[in-house]
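# Breakdown of the fold
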Amino acid sequence: TERPGTPGQTYRIAAIPGDGVGAEVVAAGRTVLDALAADSAGAFDFAWTEFPWGCAHHERTGRMMDEDGLDRLADFDALYFGAVGWPTVPDHVSLWGLRLRICQSFDQWANVRPVRFLPGVRGPLRAADEHELDWVVVRENSEGEYAGLGGRNLAGRGPGGEVAVQSALFTEVGCERVMRYAFDLARTRRHRKVSSVTKSNAQQYGMVLWDDVFRRVAADYPDVETESVLVDAMAARFVLRPQDLSVVVASNLNADILSDLGSALAGSLGLAASANLNPERRFPSMFEPVHGSAPDIAGRGVANPIGAVGSAALLLDHLGRPAEAARLERAIAATTAAGVLPRDLGGTATTADVTAALVDHLGD
Ligand code: GGG
């Protein structure tokens, strides 16, 4: 078998567009990836298989994905996902039936979400801040507040007295592996620093365990600066003093919220890319824009494809193609610098316009 990065390699990718704008942005990402492959002089190519799963599939079959879906995905080199959620299916059903099912079944325990500030994009911070901002949120992606533990009506109090319990699961193994991932990532960056985020003053079990594990893991990385910050204070830091952030590691819910805040500060949620990684590579990893299915603009050709294309860059990196990943990142920066901006960034460019500009700028 060929190793990743070897000339002539064909990567088998499963595309799962999902719902709403997912189809539009996954198509854009495929176009850009195929253009890169076409320009590689035969060095590599992509063999795509599309899986039409999502809420429409649920309406037809009662399931978000086929029963044997996980088996069919297991042998791909990577999964390229769009978005999940549509008004016809309750959000918790669609999310657990597709996206979270894949993440949890394939033990994609590290969710990496870079916060990128692009030229030509004016977010709420830009006017006040000339610094080159660049940080990455590492989200624990397998347990924590999204462990799916709890129940309703536990107290059996009858009509009007229903009670729900939603538990968060924190394991030493789960905390340690995502923290080591964050520290290893920090070692590859200019600013070797990891900021750990909890609410351990109020949540005295799981989050205190998190803090204890963080202190123990940090001792193995004396060359990496560390800090522990409460999530409310970190939200304020993102807005008021983000210059000294590098790698931020947090539990599933806290990192989910903070990464949305980061991308909004960078200009739009539509810019945010992410990788759901199984770092041991026992299972395929999944790459997807952070944004959801955006039913309000779905099918109109105006969705921002940059989050999906940035996720394609993360996919290339994962496949052992860092030079091509960097090429894609440069094309994104050149596109926004040239003022080709979709609606969410204050421009008028359609999804097709942005995609065409990204392909044009691959040569930059
Ligand atoms: N492309 C990401 C997506 O579809 N997200 C929908 C969502 O609600 N996600 C919740 C989560 O990130 O856990």
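Note that this is a predicted model, so its numbers are computed, not measured. (Residues numbered from 1 in each chain as written. Predicted model: local features only at pLDDT ≥ 70, side-chain atom pairs only at ≥ 80, totals over all residues.)

## Description of the overall build of the protein
Stated precisely, the cut-off is as follows: Counting from the N terminus, the helices are the DSSP runs of H or I reaching at least four residues and the strands are the DSSP runs of E reaching at least two. Radius of gyration: C-alpha atoms only; globule rule: 2.2 Å multiplied by the number of residues to the exponent 0.38. Partly exposed residues are those falling between the two cut-offs: more than 12 but fewer than 20 other C-beta atoms within 10 Å of their own, whereas 20 or more means buried and 12 or fewer means exposed, with C-beta atoms placed from the backbone.
Across its full length, the protein holds 11 helices and 12 strands. At 20 Å, the protein has a C-alpha radius of gyration in line with the 21 Å of a compact globule built from 364 residues. Along the longest, intermediate and shortest principal axes, the C-alpha atoms of the protein span 60 × 50 × 45 Å. For the protein, the proportion of its 364 residues judged to be buried stands at 48%.

## A look at the domain arrangement of the protein
Note on interface size: it is often stated as the accessible area lost on association of the parts. Just so we agree on the cut-off: What fixes the domain bounds is an automatic or database domain assignment. Residue pairs qualify as contacts under a 7 Å threshold applied to their C-beta atoms, which are placed from the backbone. Following the grouping adopted for this structure description, the nonpolar residues are Ala, Val, Leu, Ile, Met, Phe, Trp, Tyr, Cys and Pro, the charged ones are Asp, Glu, Lys and Arg, and the polar ones are all others, Gly among them.
Parsing the protein into structural domains produces domain 1 (8-117 + 269-364) and domain 2 (124-265). One C-alpha centre belongs to domain 1, the other to domain 2; they are set 24 Å apart. Taken residue by residue, the interface counts 20 residues in domain 1 and 20 residues in domain 2. When residues of the side of domain 1 that touches domain 2 are traced back to their parent elements, those giving at least two are α4 (91-105) and β4 (110-116). No other element matches β4, which puts 7 residues into the side of domain 1 that touches domain 2. Of the residues that constitute the side of domain 1 that touches domain 2, the class distribution is 13 nonpolar, 4 polar and 3 charged.

## Digging into helix α9 (residues 306-318)
Because each turn of an α-helix spans 3.6 residues, side chains separated by three or four positions end up pointing in the same direction. Note the threshold: To estimate how far a helix should reach, multiply one less than its number of residues by 1.5 Å.
In this model, α9 (13 residues) spans 18 Å end to end at C-alpha, consistent with the 18 Å of a helix rising 1.5 Å per residue. Summarising burial for α9: 12 of the 13 residues are buried, a large majority. Regarding α9, the residues found buried are Ile306, Gly307, Ala308, Val309, Gly310, Ser311, Ala312, Ala313, Leu314, Leu315, Leu316 and His318. Packing partners of the buried residues in α9 comprise α1 (22-38), β3 (78-83), β11 (273-277), β12 (286-289), α10 (322-337) and α11 (351-360).

## Side note on the nonpolar core
Note the cut-off: For this entry, the nonpolar core is defined as buried Ala, Val, Leu, Ile, Met, Phe, Trp, Tyr and Cys residues connected by C-beta atoms within 7 Å.
Leu79, Tyr80, Val138, Val248, Val309, Ala312 and Leu328 are the most contacted members of the largest nonpolar core, which totals 100 residues. Per element, the largest residue contribution to this core is 8 residues, and it comes from α9. Those residues in contact with Val309 that sit more than four places away from it in its chain are Ala28, Gly29, Val32, Leu328, Ile332 and Leu358.

## A look at the pairing of strand β1 (residues 9-18)
For clarity, the threshold we go by: We treat two strands as partners when DSSP finds at least two bridges between them. Seen with its strands pointing away from the viewer, a crossover is right-handed if its path from the first strand over the helix to the second goes clockwise.
A large share of β1 lies buried, amounting to 7 of its 10 residues. Relative to strand β2 (residues 44-50), β1 runs parallel, the two being bridged by 7 bridges. Across the sheet, the residue bridging to Ala15 is Glu50, located in β2. Note that the unit made of β1, α1 and β2 has a crossover that is right-handed. Of the pairings in the sheet, the one linking β1 to β3 comprises 5 bridges and is parallel in character. Opposite Gly18, over in β3, you have Ala83 as the bridge partner.

## Here we look at the site of the ligand
Defined as follows: Each residue receives a C-beta atom placed from its backbone. It is near a molecule or strand if this atom lies within 6 Å of it.
Neighbouring the ligand are Ala83, Val84, Gly85, Leu95, Arg99, Asp256, Glu288, Pro289, Val290, His291 and Gly292. Looking at the shell around the ligand residue by residue, the classes come out as 5 nonpolar, 3 polar and 3 charged.

## Let's talk about α4
Put simply, the rule reads: Two axes enter the definition of the bend at a residue: one is fitted to the seven residues ending there, the other to the seven starting there, and the bend is the angle between them.
In the structure, α4 departs most strongly from a straight axis at Arg99, where the bend amounts to approximately 40°. Every buried residue belonging to α4 is among Ser94, Gly97, Leu98, Arg99, Ile102 and Cys103, and all of these are buried. Count one or two residues on from α4 and you reach Asp107, which has phi positive near 45°.

## Considerations on the environment of Trp135
Relative to the elements of secondary structure, Trp135 occurs in strand β5 (residues 134-140). The spacing of Trp135 and Arg189 is 54 residues in sequence and 9.6 Å in space, taken between C-alpha atoms. With near-sequence residues (within four places) excluded, Trp135 lies in contact with Val115, Pro242, Leu245, Ser246 and Val248.

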